[in-house]
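Coordinate analysis (summary)
Here's the letter readout for the chains.
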Amino acid sequence: MNLLKAMLLASLVISNLIRRYMLGLAAVPAIIQLIGFLFMPESPRYLVKKGKDQLAINILRRLRGVTDVNEEYQAIKTACEEEVKANQLTSDRSIVVRVFTDAAVRRALIIGAALQLFQQITGINTIMYYSATIIRMSGVTNNCTAIWYASVTAFFNFIFTFVGIALVDRVGRRKLFLASLAGVVFSLLFMGISFQLEEKTAPDVTQAYTVVPDECATKFSTCGECTKDPDCGFCFTKTDDGEYVNSTCLSASKDLTSSLYGACSVNSSTQSISTTYTLAYDYCPSPYAWMAVMGMVTYLMSFAPGMGPMPWTINSEIYPLWARSFCNSITTFVNWTFNLLISITFLSLSEAITRQGAFYLYTSFGVIGFIFFFLVLPETRGRTLEEMEALFSGSWFVRSKSRKQLMD
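1. Things to note about the sheet that holds strand E1 (residues 232-238)
Read across the open sheet, the 3 strands follow the order E2-E1-E3; overall the sheet is antiparallel. Of all strands in the sheet, those with a lone pairing partner are strand E2 (244-251) and strand E3 (278-280), marking the two edges. Across this sheet, the average inter-strand angle for adjacent strands is 30°, counted without regard to direction. Direction of pairing for E1 relative to E3: antiparallel, over a ladder of 3 bridges. Across the sheet, residue phenylalanine 236 finds its bridge partner in E3, namely threonine 278.

Right, here's the structure in full:
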């Protein structure tokens with residue numbers, strides 16, 4: 001949701017306000033959230049731990065909208081008492097040792113960390129952080145248009161999150177996650193194919209600019225080769241029949257919207273004639289631009305219901321109380337570490353193995369993840385902590401008979 005708001009704000013102010021105003025606008029939702037926190041009640045579990053049982057009961061009644069909350073209150077009180085006993089027996093240092101020596105908890109931690117790992121290495125934050133860049137790579141020339149398209153894709157991510165909320169207890173965690181991951185794999189493959197088709201149909205350089213020495217003008221023969229060089233842009237004009245003519249490769253200016261010389265330069269006389277030239281920087285004009293946008297939309301529609309919330313939901317359920325804080329901190333660390341890694345490597349990866357290569361790599365990660373989770377991820381819906389421990393104590397692989405039971 002925050003990314004959606006940021007993209008909408010960027011498209012509105014990019015032409016009218018300087019960047020510091022854009023950053024300042026981010027404080028608005030934060031202030032609204034802060035005001036909302038002032039009216040948020042304390043956690044009943046926290047109040048029980050502090051011995052304020054009656055206040056905890058009153059808050060439970062207000063949150064649930066019923067007067068009889070004794071069963072939930074007793075469950076919270078019992079859980080808190082067990083947690084206190086466990087903490088008395090286990091020091092902070094021995095928790096680490098106990099987690100890695102307890103087979104059930106160790107297995108749960110590996111699966112929980114893998115959920116967070118594959119959430120990130122299938123490229124979600126590449127799609128979210130670089131959505132406008134990816135759309136421009138696909139052939140959308142206008143910056144504001146690219147940002148608006150990115151806002152639309154982020155909107156689909158927001159809407160389909162509610163689909164996950166509606167299905168998580170009906171369908172189950174395992175089914176929802178695997179279906180989501182399958183959709184993500186298909187979407188990544190679709191995006192890879194779209195960029196490959198763009199490269200294969202890239203127009204040729206038909207003219208060589210020789211008026212002023214320009215290294216870009218003589219090095220490349222196609223748009224694809226030209227736009228891979230960060231110093232060059234593909235200058236062209238489009239006919240009414242949709243053909244790209246009078247094309248050349250030229251050195252791009254600092255703002256990347258015009259060339260230093262030739263038909264696409266700001267001072268070129270051809271800019272004032274009827275023929276309009278465009279400088280394509282970091283993309284090639286292509287009839288397949290819609291495929292990349294469609295791939296991003298289907299990716300987010302697939303990701304939002306399952307792969308987005310399920311790693312967090314499952315991790316909140318599979319650990320015993322004494323290990324929950326430690327294990328969740330480890331899996332969260334895995335999530336943010338690979339968030340950073342994938343985010344900072346995308347553009348370099350695109351240059352090293354091409355854009356389609358980057359998305360094919362993410363696709364391969366998704367396929368590996370699907371196979372792994374199909375074999376080892378059990379259904380955790382509706383299971384108690386005791387049942388959860390037994391669930392992770394057996395074989396690593398979800399057996400055929402057990403899998404059918406777990407998915408029902």
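2. Considerations on the packing of helix H12 (residues 173-200) against helix H15 (residues 289-303)
In contact at an axis separation of 8 Å, H12 and H15 are set at 170° when each is read in the N-to-C sense. On the basis of the axis angle, H12 is roughly antiparallel to H15. Note on element contacts: H15 touches H12 through Trp290, Met291, Ala292, Met294, Gly295, Met296, Thr298, Tyr299, Ser302 and Phe303, opposite Ser180, Gly183, Val184, Ser187, Leu188, Phe190, Met191, Ile193, Ser194, Phe195 and Leu197. Looking at the contact of H12 with H15, its residues break down into 14 nonpolar, 7 polar and no charged.

3. Re unusual backbone geometry
One non-glycine residue, aspartate 282, lies in positive phi territory at about 70°. Along the chain, aspartate 282 falls in the loop between E3 and H15. Taking relative accessible area as the criterion, aspartate 282 reaches 26% and is therefore assigned partly exposed. Notably, threonine 354 is not glycine yet its phi reads approximately 75°, a positive angle.

4. Concerning the environment of glycine 369
As for its placement among the helices and strands, glycine 369 is situated in helix H18 (residues 355-376). Counting along the chain gives 252 residues from glycine 369 to leucine 117, while the straight-line C-alpha distance between them is 9.3 Å. Discounting residues that sit within four places of it in the chain, glycine 369 has contacts with Phe118 and Leu181.

5. Some details on the state of the cysteines
A full pass over the atoms with the stated rule returns 4 disulfides. The disulfide partner of cysteine 223 is cysteine 284, and the S-S distance across this bridge is 2.1 Å. Linking cysteine 223 and cysteine 284, the disulfide has an S-S dihedral of approximately -115° and is accordingly described as left-handed. Note that cysteine 223 is positioned in helix H14 (residues 223-228) and cysteine 284 in the loop between E3 and H15, a separation of 61 residues in sequence. For the pair cysteine 223 and cysteine 284, a shared accessibility class is recorded, and that class is buried. What pairs with cysteine 235 in a disulfide is cysteine 264, and their sulfur atoms sit 2.1 Å apart. Between cysteine 235 and cysteine 264 the disulfide shows an S-S torsion of about 90°. By sign, it is right-handed. Of this pair, cysteine 235 sits in strand E1 while cysteine 264 sits in the loop between E2 and E3; the two residues are 29 residues apart in sequence, bridging distant segments of the chain. Across the pair, cysteine 264 and cysteine 235 agree in class, each one buried. Disulfides within the protein link the bonded cysteines, taken in sequence order, as 1-4, 2-8, 3-6, 5-7.

6. Focus on a nonpolar patch on the surface
Taken together, the side chains of Ile110, Val367, Ile371, Phe374, Leu375, Trp396 and Phe397 make up a nonpolar region of the molecular surface, amounting to roughly 600 Å² of accessible area. At 4 residues, H18 tops the list of elements feeding residues into the nonpolar patch. Among the secondary structure elements, leucine 375 is positioned in helix H18.

7. Here we look at the packing of aromatic side chains
Evaluation of the coordinates by the stated rule reveals 14 aromatic pairs. Seen in terms of ring centroids, phenylalanine 370 and phenylalanine 374 are 6.2 Å apart; in terms of plane orientation they differ by 15°. Their pairing is stacked. Residue phenylalanine 370 and its partner phenylalanine 374 are both found in helix H18; the two are separated by 4 residues, about one turn of the helix. The exposure class assigned to phenylalanine 374 is partly exposed, which follows from its relative accessible area of 33%. Members of the aromatic cluster, connected to one another through ring pairs, are Phe118, Phe177, Phe372 and Phe373.

Here is what the cut-offs are and how they apply
- Residues numbered from 1 in each chain as written.
- Predicted model: local features only at pLDDT ≥ 70, side-chain atom pairs only at ≥ 80, totals over all residues.
- Heavy atoms only, no water.
- Pairing = 2+ DSSP bridges.
- Helix = DSSP H or I, 4+ residues; strand = E, 2+ residues; numbered from the N terminus.
- Axes fitted to C-alpha atoms, helices over the stretch in contact; angles between N-to-C directions.
- Parallel < 35°, antiparallel > 145°, perpendicular 65-115°, else oblique.
- Contact = heavy atoms within 4.5 Å.
- Nonpolar A, V, L, I, M, F, W, Y, C, P; charged D, E, K, R; others polar.
- Buried < 20%, exposed > 50% of the residue type's maximum accessible area, 1.4 Å probe, protein only.
- Disulfide = S-S within 2.5 Å.
- Patch = residues over 30% accessible without salt bridge, like charges linked within 9 Å, V, L, I, M, F, W, Y side chains within 5 Å.
- Areas by Shrake-Rupley, 256 points an atom, 1.4 Å probe, with all protein chains shown as cover.
- Salt bridge = Lys/Arg side-chain N within 4 Å of Asp/Glu carboxyl O.
- Phe/Tyr/Trp six-rings, centres within 6.5 Å; stacked < 30°, edge-to-face > 60°.

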